[in-house]
Amino acid sequence: MTTFSKSVRNYEKLCTKNDVPAETVMAFLVELSQRERYDLYLHYEEEMPEDLEKEFDAGMARILKMEPMEHILGYSWFYGYKMIVNEDVLIPRPETEELCANILSRMDEYFSENQTIECTDIGTGSGAIAIVLAKEEPKVHMTATDISEEALVTARKNAENNCAEIQFTAGDMLKPLIESGRKLDVLVSNPPYIPAEEKMEKSVVDYEPHVALFGGNDGLKFYRMIFEDCRKVLKEKAFMAFEMGWDQRERMSALVEEMLPEARYEILKDMNGKDRMLFVYFNI
């Protein structure tokens, strides 16, 4: 057996050599041990329990081969909620938490007098966005769609585990909404927005679903699809919220102005100062 400190330092060095963020080591140990970080530091020079050491070593071997930590654990934390993740869904990212926070803020600002807020998450994946909005805003009547039946299995489990009331529907983009005649106050989507030829990290390309990553030659394919049909599903007063690529500001602005000239829009920066969120407003 070895001490917590010796094991952590050893794997931090190996991570640095293998282009894996060194902070992954402590994050993984915190989750595996089910102990707070400060508690681990208090016992840092003590020997690691044998069963934990074996599990930690096995998991770190996979992480050093670029397998995502969240896949090894089988879950990810998002906005304080525990989400099952696997090869059928994208791992929720921190910048998407910022998107949720901004959506909730604008719901409060623009629909404070509404009894209910009709909202749909297009391409829901793990269901993370839909679950946060449904849990954090009691007025929300939440629905979510995805073309992947496998993703919806995971999304339904996540909704059930987090006690979130969400109606999930399989279908391509806005088709389920158009067919049902549903009208929305808020349309949300984190669509695939990576250009087809862009090089990606091995941990993403090898372990996450390509259908949820790539958005055509310029990355804007699915935004075009939504912009083309969005007026069929939105109420007169409504807004749409999207995550977008950090380098897509000019192309996205041109696309909104071309396809939705009647709308007002804004592009927001994330905590790192990168353009990552698009909000489109109708009669607001």
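Because the structure is predicted, anything quoted here is derived from the model rather than measured.

Participant: Can you lay out the packing of aromatic side chains for me, pointing to particular residues and giving the numbers?
Facilitator: Enumeration over the complete set of coordinates arrives at 12 aromatic pairs. Taking 6.1 Å as the distance between ring centres and 20° as the angle between the ring planes, the aromatic pair formed by phenylalanine 111 and phenylalanine 239 counts as stacked. With phenylalanine 111 in the loop between helix H6 (94–110) and strand S3 (117–122) and phenylalanine 239 in strand S7 (residues 234–243), the pair connects residues that are 128 residues apart, well separated along the chain. For the pair formed by phenylalanine 111 and phenylalanine 239, the shared burial category is buried. Centroid distance phenylalanine 279 to tyrosine 281: 6.4 Å. Interplanar angle 20°. Geometry classified as stacked. Assessed through its relative accessible area of 1%, tyrosine 281 is described here as buried. Every member of this aromatic cluster is reached through a ring pair, and the members are Tyr110, Phe111, Phe239, Phe279 and Tyr281. The ring of phenylalanine 279 carries arginine 106 above its face, with NZ or CZ at 4.7 Å from the centroid.

Participant: I'd like to hear about unusual backbone geometry, residue by residue, with values.
Facilitator: Despite not being glycine, methionine 173 shows a phi value in the positive range, around 50°. By the secondary structure assignment, methionine 173 is in the loop between strand S5 (166–170) and helix H9 (175–180). Although it is not a glycine, asparagine 283 sits at a positive phi angle of roughly 55°. Secondary-structure assignment places asparagine 283 in the segment after strand S9 (275–282). Given a relative accessible area of 54%, asparagine 283 falls into the exposed group.

Participant: Residues and numbers for the packing of helix H11 (residues 221–229) against helix H12 (residues 249–259), please.
Facilitator: Contact geometry for H11 and H12: axes closest at 10 Å, N-to-C directions at 20°. Regarding the angle of H11 to H12, the classification is roughly parallel. Two packed elements cross with a definite hand, and for H11 against H12 that hand is right-handed. From H11, Tyr223, Arg224, Phe227 and Glu228 reach across to H12, where they touch Met252, Leu255, Val256 and Met259. In the contact of H11 with H12, the residues fall into 6 nonpolar, no polar and 2 charged.

Participant: Give me the pairing of strand S6 (residues 184–189): which residues, what numbers.
Facilitator: Among the 6 residues of S6, 6 are classified as buried, and the element is accordingly described as predominantly covered. The pairing of S3 with S6 spans 4 bridges and is parallel. Each bridged residue has a counterpart across the sheet, and for isoleucine 122 the counterpart in S6 is serine 189. Bridging between S6 and S7 involves 5 bridges; their strand directions are parallel. Among the inter-strand pairings, valine 186 is bridged to a residue of S7, identified as phenylalanine 239.

Participant: Help me get a handle on the packing of H6 against helix H7 (residues 128–136), residues and values and all.
Facilitator: Relative orientation of the contacting elements H6 and H7 amounts to 35°, with a least axis distance of 10 Å. Here the hand of the crossing between H6 and H7 comes out right-handed. On the side of H6, the interface is formed by Thr96, Leu99, Cys100, Ile103, Leu104 and Met107, while H7 contributes Ile129, Val132, Leu133 and Glu136. Classifying every residue of the contact of H6 with H7 by side-chain character gives 8 nonpolar, 1 polar and 1 charged.

So, how was this worked out
- Residues numbered from 1 in each chain as written.
- Predicted model: local features only at pLDDT ≥ 70, side-chain atom pairs only at ≥ 80, totals over all residues.
- Heavy atoms only, no water.
- Phe/Tyr/Trp six-rings, centres within 6.5 Å; stacked < 30°, edge-to-face > 60°.
- Helix = DSSP H or I, 4+ residues; strand = E, 2+ residues; numbered from the N terminus.
- Buried < 20%, exposed > 50% of the residue type's maximum accessible area, 1.4 Å probe, protein only.
- Lys NZ or Arg CZ within 6 Å of the ring centre and 35° of its normal.
- Axes fitted to C-alpha atoms, helices over the stretch in contact; angles between N-to-C directions.
- Parallel < 35°, antiparallel > 145°, perpendicular 65-115°, else oblique.
- Left-handed = near helix turned anticlockwise from the far one by under 90°.
- Contact = heavy atoms within 4.5 Å.
- Nonpolar A, V, L, I, M, F, W, Y, C, P; charged D, E, K, R; others polar.
- Pairing = 2+ DSSP bridges.

By themselves, these figures tell us nothing about what the structure is for.
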